[in-house]
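Analysis of the macromolecular model
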Amino acid sequence: MSGDDNRNGDDGTQNGVVIKTRPKTKRPAMFKVLMLNDDYTPMEFVVHVLERFFSKNREEATRIMMHVHQRGVGVCGVYTYEVAETKVTQVMDLARQNQHPLQCTIEKE
Ligand code: TYC
């Protein structure tokens, strides 16, 4: 309902003044997916995860992986809650299947 206008006052009376009503849409809350460093997960596995689940190319995936390796934590991407939650589950499932301790969390933007 964007761009609606009417000629009514708040009380419904008509006064001939055109009032632009605000669209009632809200941007969704966004959530960062954070990757945590550990001493055991192979660098190549982390790069693979970033390519597969976060649609990064090899260069960007390598940059993020090295950032996490050196700084302890890094942002993989920013998504709506359900998408972020799904990505965390996918990462943790693949890490567990491969017996890597890789950890991933969500943080509200
Ligand atoms: N620190 C790991 C190593 O030296 C690599 C690594 C990078 C692990 C990023 C997790 O999120 C991570 N093999």
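Here, every reference points to the structure presented above.
Residues numbered from 1 in each chain as written. Predicted model: local features only at pLDDT ≥ 70, side-chain atom pairs only at ≥ 80, totals over all residues. Heavy atoms only, no water.

Turning to the pairing of strand S3 (residues 31-36), a few remarks are in order. Pairing of S3 with strand S4 (residues 73-79), which is carried by six bridges, proceeds in the antiparallel orientation. Across the sheet, the residue bridging to Met 35 is Gly 74, located in S4. As paired elements, S3 and strand S5 (residues 103-108) share six bridges and run antiparallel to each other. Note on S5: the bridge partner recorded for Val 33 is Ile 106. (Pairing = 2+ DSSP bridges. Helix = DSSP H or I, 4+ residues; strand = E, 2+ residues; numbered from the N terminus.)

An ideal rise of 1.5 Å per residue puts 24 Å on 17 residues; helix H3 (residues 81-97) measures up with 24 Å between its terminal C-alpha atoms. Those residues of H3 lying buried are Ala 84, Lys 87, Val 88, Val 91, Met 92, Leu 94 and Ala 95. Down the axis of H3, the buried set is contained in an arc of 165°. They therefore lie on one face. Of the exposed residues in H3, those oriented more than 90 degrees away from the buried face are Glu 82, Arg 96 and Gln 97. Where H3 is buried, its residues contact S3, helix H1 (43-54), S4 and S5. One or two steps after H3, the chain reaches Gln 99, where phi turns positive at roughly 60°. (Expected span 1.5 Å × (residues − 1). Buried < 20%, exposed > 50% of the residue type's maximum accessible area, 1.4 Å probe, protein only. Arc of directions from axis to C-beta. Contact = heavy atoms within 4.5 Å.)

Function cannot be read off these values alone, since they describe shape.
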